[in-house]
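Structural characterization, general
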Amino acid sequence: MAKVGRTTDGATPVELTDDAIQAFEARFAGPVITPGDPAYDETRALWNGVIDKRPAIIAQCTGTADVVEAVALAREHDLSVAVRGGGHNVAGYASADDGLVIDLSPMTGVFVDHEARTVRVQGGATLGQVDRETQLFGLATPLGVVSATGVAGLSLNGGLGHLRRKYGLACDNIVSAEIVTADGQVRTATVDQNDDLFWAIRGGGGNFGIVTSFEFRLYEVGPELPTLFIWYHGDDAVSVLKAYREYTKTASRDANTIAFTYAVPELDEFPEAAWGEPAVILFGAFDGSVADADAEFTQLKTLADPIVDFSDTLPYVALQSLLDEDYPDGLRYYWKSVYVDDLSDEVIDHIVRTHGESPSALSTVDIWHLGGAIADRDPDETAFANRNAPYMVTYEANWEDPSMDDDNVAWGRTGISDLRQFKGVAGAYGNFPGFDEAPGDLLFGENYDRLVEIKTTYDPTNLFKLNQNIVPRGASADD
Ligand code: FAD
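Residues numbered from 1 in each chain as written. Predicted model: local features only at pLDDT ≥ 70, side-chain atom pairs only at ≥ 80, totals over all residues. Heavy atoms only, no water.

Let's shift gears to the pattern of salt bridges. One pass over the full model with this rule turns up 20 salt bridges. With its nearest N and O atoms 2.7 Å apart, the salt bridge here joins E453 to R473. Of this pair, E453 sits in helix α14 (residues 448-458) while R473 sits in the segment after α14, and the two are 20 residues apart along the sequence. According to the relative accessible area criterion, E453 is partly exposed, its value standing at 37%. (Salt bridge = Lys/Arg side-chain N within 4 Å of Asp/Glu carboxyl O. Helix = DSSP H or I, 4+ residues; strand = E, 2+ residues; numbered from the N terminus. Buried < 20%, exposed > 50% of the residue type's maximum accessible area, 1.4 Å probe, protein only.)

All right, on to the sheet that holds strand β7 (residues 110-113) then. Read from one edge to the other, the open sheet built from 5 strands follows the order β7-β8-β12-β10-β11, with strand pairing classed as antiparallel. Looking at strand neighbours, the two that pair on one side only are β7 and β11 (186-189), the edges of this open sheet. Across the sheet, the mean angle separating the axes of adjacent strands is 15° when strand polarity is ignored. Bridge count between strand β8 (residues 118-122) and strand β12 (residues 210-217): 5 bridges; the pairing is antiparallel. Following the sheet pairing, Q122 is matched in β12 by S213. (Pairing = 2+ DSSP bridges. Axes fitted to C-alpha atoms, helices over the stretch in contact; angles between N-to-C directions.)

Our next topic: the sheet that holds strand β6 (residues 100-103). Strand order in the open sheet formed by 4 strands is β3-β4-β6-β5, and the pairing between neighbours is mixed. Either end of the sheet is taken by a strand with one partner, and the two such strands are β3 (32-33) and β5 (81-84). Bridge analysis of β5 against β6 gives 4 bridges, and the strand direction is parallel. Residue V83 lies in a different strand from β6, and its bridge partner there is I102. The strands touched by helix α3 (residues 64-77) are β4 (57-60), β5 and β6; relative to β6, the strand with the most contacts, the crossing angle is about 165°. (Contact = heavy atoms within 4.5 Å.)

Bringing the domain arrangement of the chain into the picture now. For the chain, the assigned domains are domain 1 (3-103), domain 2 (110-220) and domain 3 (224-426). Computed from C-alpha coordinates alone, the two centres of domain 1 and domain 2 are separated by 24 Å. With 10 residues of domain 1 at the interface, the matching set in domain 2 holds 14 residues. Linking domain 1 with domain 2 are 0 salt bridges, by the criterion used here. With 5 residues, α3 is the largest single contributor of residues to the side of domain 1 that touches domain 2. Residues of the side of domain 1 that touches domain 2, tallied by class, amount to 5 nonpolar, 4 polar and 1 charged. (Domains from an automatic or database assignment. Nonpolar A, V, L, I, M, F, W, Y, C, P; charged D, E, K, R; others polar.)

This part is about the packing of helix α11 (residues 345-356) against helix α12 (residues 405-419). At a closest axis distance of 11 Å, the pairing of α11 and α12 adopts a crossing angle of 165°. Classified by the interaxial angle, the pair formed by α11 and α12 is roughly antiparallel. When the axes of α11 and α12 are compared, the crossing they make is right-handed. Contacts from V347, H350, T354 and H355 in α11 reach W411, G415, D418 and L419 in α12. (Parallel < 35°, antiparallel > 145°, perpendicular 65-115°, else oblique. Left-handed = near helix turned anticlockwise from the far one by under 90°.)

Bringing the packing of aromatic side chains into the picture now. The full count for this structure, using the stated rule, is 24 aromatic pairs. Arranged with centres 5.4 Å apart and planes meeting at 85°, the rings of F270 and F310 form a pair that is edge-to-face. Here the residue F270 occupies a position in the loop between β15 (255-263) and β16 (278-286), and F310 occupies one in the loop between β17 (306-309) and β18 (313-315), the gap between them amounting to 40 residues. The class of F270 is buried, set by a relative accessible area of 6%. Ring centres 6.0 Å apart and planes at 80° place the aromatic pair F286 and F297 in the edge-to-face group. (Phe/Tyr/Trp six-rings, centres within 6.5 Å; stacked < 30°, edge-to-face > 60°.)

Once that is clear, we can look at the site of the ligand. The full set close to the ligand counts 35 residues, and G85, G87, L160, V211 and Y429 are the nearest of them. Between the ligand and G153, the relevant distance is 3.1 Å, taken from an oxygen atom to a main-chain nitrogen or oxygen of the residue. When the ligand sits alone it has 950 Å² of accessible area, and the protein chains cover 98% of it. In terms of residue count, helix α5 (residues 151-156) provides more of the shell around the ligand than any other element does, 4 residues in total. Class assignment for the residues of the shell around the ligand results in 19 nonpolar, 15 polar and 1 charged. (Near = heavy atom within 4 Å. Polar contact = N/O pair within 3.5 Å; in protein donor to acceptor, adjacent residues only side chain to side chain. Areas by Shrake-Rupley, 256 points an atom, 1.4 Å probe, with all protein chains shown as cover.)

Next comes the structure, spelled out in structure tokens:
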């Protein structure tokens, strides 16, 4: 029976015969999963329950040779290609209707060189898998704040975590990467080798090829870190956020904090009287001593009468998975972000008011404190351009009921677009992209033209287009 795929222009059906698939299976070491396979539905599922794509083939790679074979198949049959790392991108870039998913999720090797203070990480590993291995040696590299997130997608688009102000973005700590480019070549990218590619993958996303492994720089971290996790009543949200703004102006680089609005969950660890009421939460960690953390965070713990204060000293790996249960697989999500120069009274009012209008009690509006090491680099030092804003605001719409999809997406989308009317609100973060709607100039700023040149060199036919796409010269976005 013939299998039907779709060409890279997304429109023309293409026939893949059983013979073609069998020939591919003979060259490919990992599982090849097609519709009808008992594992098909489980394998095609992504973290975001809104996304329900039905690929023609899922090629589960066991190593670089499999990735090369999968890229060759895509080129031979002009298939639409999606690349899957951890499968956690909110826009669902990791799958393609009727296309080929090059799935790196079996490639989770993590190899620490504790003397050189580096770690090599395969392209399908999650944050938790990296932290587990590096913490054996009391080391860590800056990644994100939820352990199931894929290292590849996160790092290629930036990567903001609990060490960002001290050691920079995840992409700032990439020392080298092995990449399979669209022509099937396996290339190494470092500061000395394919330096254009090395520049581009540090913030330019999955546009330039499939990263089979990264090498990251490591730092001494933990094994325990003092944390901040205090919940205030929603009635105090405006005054707490204004005080938070003042705090961030002189905050230590050892301190990485986020302020967010949320509804108090109906859980035993919260006073029942507060269940369901709006709250504002200050959350973060301090990479230093308990005494120094106390000196830093006490001012944030005395802003009003708290609902509850969970601040504690935690193992780094526990901190890295503290929020995991808030983001289960298969729930429905729409996340979008913007950078903010000034957390003005108007911006704070907007955040608090619009949070109150959310159709779902699971949704949050998050203010990430940035700066520090992120801003030490010039915006053109790597492809990641938005380095100078001290804050990023993210609307995280999280909900259960599919019939409420439109309302929740509209809430997140409008929250961000209305925020853009305020002074000093600009840009967008590639890892919180909405549903594929952030134009390149918002993401890449002045770096966009150089990225187009590098894309044209390494992927002239736009084989890797299911991402924050940079269209190569001579191609059109619809090709
Ligand atoms: P996937 O969905 O697998 O891939 C997304 C895209 O990345 C692919 O389409 C492809 O373009 C590219 N890609 C993936 N793997 C490769 C590869 N090996 N080679 C080349 N391209 C590849 N971001 C932060 O910065 N900080 C956070 O703290 C944070 N927390 C998060 C928490 C949760 C629960 C979730 C869902 C997301 C979070 N994010 C965070 C956003 C996250 O960085 C992005 O969703 C990111 O895309 C996830 O990477 P992934 O590999 O899981 O993505």
